[in-house]
Amino acid sequence: MPDYEADALAYVFDRVNQCFTTADTFFGAKFKRSSCNFKQKGKAAGTAHLQKNELRFNLFMYQQDPTAFLSQVVPHEVAHIVVYQIYGNSVKPHGKEWQAVMFKVYGIRPSRTHTFDVPPQKNSYEYRCACQKHDFSKQRHTRAQRGTEYICKKCRSSLQFVTKKTIGTA
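If you're wondering where the values come from, they're calculated on a predicted model, not measured in any experiment. Going along each chain's sequence as written, the residues are numbered from 1 onward. Since the coordinates come from a predicted model, pLDDT governs what is reported: local features require at least 70, and pairs of side-chain atoms require 80 or more to be given and counted, while whole-chain, interface and lining totals use all residues. The side-chain figures draw on all heavy atoms in the structure; neither hydrogens nor water molecules are used.

1. Description of a positive patch on the surface
No. 1: The grouping of K43, R140, R143 and K153 at the surface amounts to a positive patch.
No. 2: Counting from the N terminus, the helices are DSSP H or I runs at least four residues long and the strands are E runs at least two residues long. Summarising the element assignment, K153 is placed in the loop between α5 (138-145) and β6 (160-166).
No. 3: Between buried and exposed lies partly exposed: a residue is buried under 20% and exposed over 50% of the maximum accessible area for its type, with that area taken using a 1.4 Å probe on protein chains only. Owing to a relative accessible area of 78%, K153 belongs among the exposed residues under this scheme. Note that patches include only residues with greater than 30% relative accessible area and no salt bridge, and the join distances are 9 Å for like charges and 5 Å for nonpolar side chains (Val, Leu, Ile, Met, Phe, Trp, Tyr). For accessible areas, the Shrake-Rupley method is used with a probe of radius 1.4 Å. Any residue's cover is judged against the shown protein chains and nothing else. Should a side-chain nitrogen of Lys or Arg be within 4 Å of a carboxyl oxygen of Asp or Glu, the pair is scored as a salt bridge. In this count, Lys and Arg are taken as positive residues and Asp and Glu as negative ones, while His and the chain termini are left out. The location of each charge is read from NZ of Lys, CZ of Arg, CG of Asp or CD of Glu.

Structure below.
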């Protein structure tokens, strides 16, 4: 692991532990700490793998604004683990319990989305509907080719495959 990535992971790990300590104090309980890594890729800034007690973070997004990442993304993902350790699978991922942890424990307005740039896709697949074009990831394209039907949210028409695109082509 390069020095920058190792240093970044140390900052993330410290922030994760701060978030757990804050939750411990708030709830008067000791939450099981999660492992952390930079395995998250794609459009998500982070994910909480609840059964594995693992937090995955996106290094590409961390590098854009480490301060915002540490103050927003890390508590967001730790809140998922805290809620899971309290309620198990009986609650919605961004439901009222998660929102309460974000607001009451961390003092952060709950938000499901981030504002970081996403990395460019190596390959994308162009689909069209009646009103616009849509870029599909390889995974979504594969699902479409296997029979999953995708519908445009605007015009409600079925999306049809047009062409494969690679980086550097329009």
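Text resumes after the structure shown.
2. Some remarks on the pairing of strand β5 (residues 133-136)
No. 1: Burial along β5 is one-sided: H134 and F136 are buried, and none of K133 and D135, which face the opposite way, are.
No. 2: With four bridges joining them, strand β4 (residues 123-128) and β5 adopt antiparallel strand pairing. Bridge pairing in β5 links Y127 to H134.
No. 3: The pairing criterion for strands is at least two bridges between them, as found by DSSP. Between β4 and β5, which follow one another and run antiparallel, lie four residues.

3. With respect to the sheet that holds strand β2 (residues 46-49)
No. 1: Pairing is mixed in the open sheet, where three strands are placed in the order β1-β3-β2. The sheet is open, and its two edges are formed by β1 (35-37) and β2, each paired on a single side. With direction set aside, neighbouring strand axes in the sheet form an average angle of 15°.
No. 2: The pairing of β1 with strand β3 (residues 54-57) spans three bridges and is parallel. Looking across to β3, one finds that C36 is bridged to L55.
No. 3: Any two residues whose heavy atoms approach within 4.5 Å at even a single point are treated as in contact. For helices, the fitted line uses only the C-alpha atoms of the stretch in contact; every axis is such a line through C-alpha atoms, and the angle between N-to-C directions lies from 0 to 180 degrees. Running over the sheet, helix α1 (residues 3-27) touches β1 and β3 and is turned about 145° from β1.
No. 4: Docked against the sheet, helix α3 (residues 66-87) engages β2 and β3, running at close to 150° with respect to β3.

4. Description of the packing of aromatic side chains
No. 1: Put simply, two rings from Phe, Tyr or Trp (the six-membered ring, in Trp's case) pair if the centres are within 6.5 Å, and we call them stacked under 30 degrees between planes, edge-to-face over 60, tilted for the rest. Counting across every chain of the model gives nine aromatic pairs.
No. 2: Taking 5.0 Å as the distance between ring centres and 75° as the angle between the ring planes, the aromatic pair formed by F26 and F27 counts as edge-to-face.
No. 3: Summarising the aromatic geometry, the rings of F57 and F69 are spaced 5.9 Å apart at their centres and angled 70° between planes, so their arrangement reads as edge-to-face. Separated by 12 residues along the polypeptide, F57 in strand β3 and F69 in helix α3 bring together distant segments of the chain. You'll find F57 and F69 in the same group, each marked buried.
No. 4: Here a set of aromatic residues connected by ring pairs shows up, and it is made of F38, F57, Y62, F69 and F116.
No. 5: A cation over an aromatic ring shows up here: R140 above the ring of F136, its NZ or CZ 5.4 Å from the ring centre. Criterion for a charge above a ring: Arg CZ or Lys NZ at most 6 Å from the ring centre, at most 35 degrees from the ring normal.

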